[in-house]
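# Examination of the molecular architecture
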Amino acid sequence: MSLLYAQTLTICKDAAGNIFAFGLFISPIPTFRRITRIQCTEDFSGLPYLYALLNCLICAWYGTLFMSDDNVLVTTVNTVGAMFQLTCVILYIAYAEKSKKVNTFVLLMGIFGVFAIIISASLFLLDRPTRHVLVGFLTCASLISMFASPLFIIRLVIRTKSVEFMPFYLSLSTFAMSVCFMLYGIFNFDPFVYIPNGIGTILGTVQLALFLYYERKDTDHSREPLIESFP
């Protein structure tokens, strides 16, 4: 019975992790449909997608057997996530104004360079527990930076008193995935997973609260909203 319970728990947490992660990955689609339609990035920031790309790359590496045990879900989910985020960054670069285009491209190359250094440095550390701790701390840092990256948008929301440039589905999916992986890390007794995702849960809650607060106050109908509400 205990074995059956453990297997059922594993299946449930893996399924939930994949579902919410996929929801996070596809959440920018409404934003980029708008960007491609008007062929302009407007006031949207590319930083959340760059942070998310770096986070996915580091987390995918952390989940491999070179770094840790029983974290296959972390690798598979973040590998798919890296492909989604790279696509978003490329689209952002394609439609951004020249200054943003150059800055985003430079940051993208910097991300690939940092990731290459992380892989090379961790492989040269022959002691596997040391690799696990080192890359685990990097995973924590990258996750926290990804969760904190929308703070730039939050400042814009507070200044403009409008949630137009803070996509609701992105905030909601980030919150849901943070909760799921926080529980995943707790069940796996992995602090490098549950601590940063616990912080992500708190920051996600703040984003959703701001969205609900300012969405009610948003009376600007001069722009097409990202999300239409129906009674």
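Residues numbered from 1 in each chain as written. Predicted model: local features only at pLDDT ≥ 70, side-chain atom pairs only at ≥ 80, totals over all residues. Heavy atoms only, no water.

The next point concerns the side chain of Arg 131. Mapped onto the elements, Arg 131 comes out in helix α6 (residues 128-148). Of note is the side chain of Arg 131, whose polar atom sits 3.3 Å from the backbone oxygen of Ser 122. (Helix = DSSP H or I, 4+ residues; strand = E, 2+ residues; numbered from the N terminus. Polar contact = N/O pair within 3.5 Å; in protein donor to acceptor, adjacent residues only side chain to side chain.)

With that settled, the discussion passes to the packing of aromatic side chains. Taken as a whole and judged by the stated rule, the model has four aromatic pairs. With a centroid separation of 5.2 Å and 70 degrees between ring planes, the pair formed by Phe 32 and Tyr 49 is classed as edge-to-face. On the criterion of sequence distance, the pair formed by Phe 32 in helix α2 (residues 29-38) and Tyr 49 in helix α3 (residues 47-62) is long-range, its members being 17 residues apart. Here the two residues Phe 32 and Tyr 49 agree in accessibility, since each one is buried. Relative to Phe 66, the ring of Trp 61 lies with its centre 5.7 Å away and its plane at 25 degrees, an arrangement referred to as stacked. Phe 66 sits in the partly exposed class, given a relative accessible area of 47%. (Phe/Tyr/Trp six-rings, centres within 6.5 Å; stacked < 30°, edge-to-face > 60°. Buried < 20%, exposed > 50% of the residue type's maximum accessible area, 1.4 Å probe, protein only.)

Here we come to the environment of Gly 110. Tracing the sequence through the fold places Gly 110 in helix α5 (residues 98-124). Under the relative-accessibility criterion, Gly 110 is labelled partly exposed at 35%. As a C-alpha pair, Gly 110 and Leu 54 span 56 residues in sequence and 9.8 Å in three-dimensional space.

A cluster of nonpolar side chains, contributed by Ile 144, Leu 183, Ile 186, Phe 187, Tyr 194, Ile 195 and Ile 199, occupies part of the molecular surface with about 540 Å² of accessible area. Of all the secondary-structure elements, those providing two or more residues to the nonpolar patch are α8 (168-187) and α9 (191-217). Along the chain, the position of Ile 186 falls in helix α8. (Patch = residues over 30% accessible without salt bridge, like charges linked within 9 Å, V, L, I, M, F, W, Y side chains within 5 Å. Areas by Shrake-Rupley, 256 points an atom, 1.4 Å probe, with all protein chains shown as cover. Salt bridge = Lys/Arg side-chain N within 4 Å of Asp/Glu carboxyl O.)

Let us look at the layout of surface pockets. Volume-wise, the second largest pocket comes out at about 180 Å³. Lining the second largest pocket we find Asp 43, Phe 44, Ser 45, Gly 46, Leu 47, Leu 50, Tyr 92, Lys 100, Asn 103, Thr 104 and Leu 107. Put simply, the parts of the chain that give the lining of the second largest pocket at least two residues each are α3 and α5. The element contributing the most residues to the lining of the second largest pocket is α5, with four residues. (1 Å grid on protein atoms, 1.4 Å probe; cavity = no way out; pocket = protein on both sides within 12 Å on 5 of 7 lines; lining within 4 Å. Points joined across faces, edges and corners; volume = space filled by probe spheres on them.)

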